[in-house]
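Structural characterization, general
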Amino acid sequence: AAISAAWEVDVWGRVRRQLESSSASAEASRADLEAVRLSLQSELAINYFQLRVTDQQKQLLDDTVAAYRRSLDLTTNRYNVGVAAKGDVVQAQAQLRSTEAQALDLGVTRAQLEHAIATLIGKAPSTFSLAPKPFTLKMPRMPLGMPSTLLERRPDIAAAERRVTAANAQVGVAMAAYFPTLSLTGAVSQNSSAWSNLFSAANRSWSLGPELAVTLLDFGKRGAATDSALAAY
């Protein structure tokens, strides 16, 4: 029965820089998550505004269809009494059918936008609907000058900055490999050929002391690792 433990004394900052790199990488991943969330929110807003614009276009087309239908009726009546030519009736019919087709295509586009909004908010498209309504939203007025610090709030830029910090810390980790490592180790064991006296004091052995390790020859491994860290940084 034995137990042992070791603790590395972080004399040259290798463990500290490794922890710094890992923490920065975790923060970069968190910023990546925020970037994805912001992208989805932006896509949701774009789809919503496009849907409301589609509603306005649909209303305009519906009014146009009604006007063309009245025009077709008027032209047909004129043709029946011999005032208008057959070509005028055909032209009025073509205008009406073309506008009706545009309105139908616009309805399909609206349904697609509605389904996209449902997906982005986590609902089944079959159970979600947005009733048409007038587009009355007023867009906010943007100031003429924006502070440059506003860029730092972008999650993708924050993630890139954190990755630079992580890469810089990895340079310190690679440089620390040139120096020896100092560890404090300890071990306690109980040795016996019989279970009855396994844990007696006479059968106990222990050790405690420092351990210094240094690599004398690595054929350029540490130098290559340092160059790689610098290149990544």
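Further up the page is the structure itself.
Structural notes, computed from the coordinates. This structure is a prediction, so every number in the text was calculated from the model and none was measured. (Residues numbered from 1 in each chain as written. Predicted model: local features only at pLDDT ≥ 70, side-chain atom pairs only at ≥ 80, totals over all residues. Heavy atoms only, no water.)

Below, the discussion takes up the overall build of the chain. Helices and strands together make up the secondary structure of the chain, namely four helices and three strands. Counting helices and strands in the order they occur from the N terminus, the chain gives β-α-α-α-β-β-α. Taking 233 residues into account, the globule formula puts the C-alpha radius of gyration at 17 Å, and the chain, at 38 Å, lies well above it. Principal-axis analysis of the C-alpha atoms gives the chain an extent of 125 × 55 × 35 Å. Looking at the chain as a whole, 21% of its 233 residues qualify as buried. Residue pairs at least 24 apart in sequence account for 72% of intrachain contacts in the chain once pairs closer than 6 positions are excluded. Split by element, the accessible area of the chain, about 16,400 Å² in all, is 60% carbon and sulfur. Taking the average place of the 24 positive charges on the side chains of the chain and the average place of its 21 negative ones, the gap between the two points comes to 5 Å. (Helix = DSSP H or I, 4+ residues; strand = E, 2+ residues; numbered from the N terminus. Rg over C-alpha atoms; globule rule 2.2 N^0.38 Å. Buried < 20%, exposed > 50% of the residue type's maximum accessible area, 1.4 Å probe, protein only. Contact = heavy atoms within 4.5 Å. Areas by Shrake-Rupley, 256 points an atom, 1.4 Å probe, with all protein chains shown as cover. Lys, Arg positive; Asp, Glu negative; His and termini not counted. Charge placed at Lys NZ, Arg CZ, Asp CG, Glu CD.)

Considering all chains together, one arrives at one cavity of 30 Å³ or more under this definition. Considering only enclosed or pocket space, the largest cavity measures out at about 60 Å³ in volume. Lining of the largest cavity is provided by Glu8, Val9, Asp10, Val11, Trp12, Gly13, Arg14, Ala176, Phe179, Pro180, Thr181 and Leu182. When contributions to the lining of the largest cavity are tallied by element, the ones reaching two or more residues are strand S1 (2–9) and strand S2 (181–190). Of the residues contributing to the lining of the largest cavity, the split by class is seven nonpolar, two polar and three charged. (1 Å grid on protein atoms, 1.4 Å probe; cavity = no way out; pocket = protein on both sides within 12 Å on 5 of 7 lines; lining within 4 Å. Points joined across faces, edges and corners; volume = space filled by probe spheres on them. Nonpolar A, V, L, I, M, F, W, Y, C, P; charged D, E, K, R; others polar.)

This next bit is on the packing of aromatic side chains. Two aromatic rings are characterised by how far apart their centres lie and by the angle between their planes. Going through the model one piece at a time under the given rule, you end up with two aromatic pairs. Consider the rings of Tyr48 and Phe49, whose centres lie 5.9 Å apart with planes at 65 degrees: the pair is edge-to-face. Given the relative accessible area of 29%, Tyr48 is considered partly exposed. (Phe/Tyr/Trp six-rings, centres within 6.5 Å; stacked < 30°, edge-to-face > 60°.)

This part covers the side chain of Gln190. Inspection of the secondary structure puts Gln190 in strand S2. At a separation of 2.7 Å, a polar atom in the side chain of Gln190 contacts the side chain of Arg204. (Polar contact = N/O pair within 3.5 Å; in protein donor to acceptor, adjacent residues only side chain to side chain.)

This next bit is on the nonpolar core. Ranked by size, the top nonpolar core spans six residues in total: Leu51, Leu113, Ile117, Ala118, Phe128 and Leu130. Looking at which element gives the most residues to this core, the answer is helix H2 (residues 86–120), with three residues. With near-sequence residues (within four places) excluded, Ile117 lies in contact with Leu44, Asn47, Tyr48, Leu51, Phe128 and Leu130. Counting residues in each nonpolar core, the second largest holds five residues, with Val65, Val89, Ala92 and Leu96 among its members. (Core = buried A, V, L, I, M, F, W, Y, C linked by side-chain atoms within 4.5 Å.)

Here three strands make up an open sheet; going across it, the order is S1-S2-S3 and the pairing antiparallel. Of all strands in the sheet, those bounded by a partner on one side alone are S1 and strand S3 (204–213). Going across the sheet, the axis of each strand differs from the next one's by a mean of 10 degrees, ignoring polarity. Bridge count for S2 against S3 is 10 bridges, and the pairing is antiparallel. Looking at the pairing, Ser189 lines up with Ser205 of S3. (Pairing = 2+ DSSP bridges. Axes fitted to C-alpha atoms, helices over the stretch in contact; angles between N-to-C directions.)

The end-to-end C-alpha distance of helix H4 (residues 221–232), which contains 12 residues, comes to 16 Å, matching closely the 16 Å that a straight helix rising 1.5 Å per residue would cover. The complete set of buried residues in H4 reads Arg222, Thr226 and Ala229. Buried residues of H4, seen end-on, are gathered within an arc of 65 degrees and therefore sit on one face of the element. Seen from the buried face of H4, the exposed residues on the opposite side, beyond 90 degrees, are Lys221, Asp227, Ala231 and Ala232. Looking at the packing, one finds that the buried side of H4 touches helix H3 (155–176). (Expected span 1.5 Å × (residues − 1). Arc of directions from axis to C-beta.)

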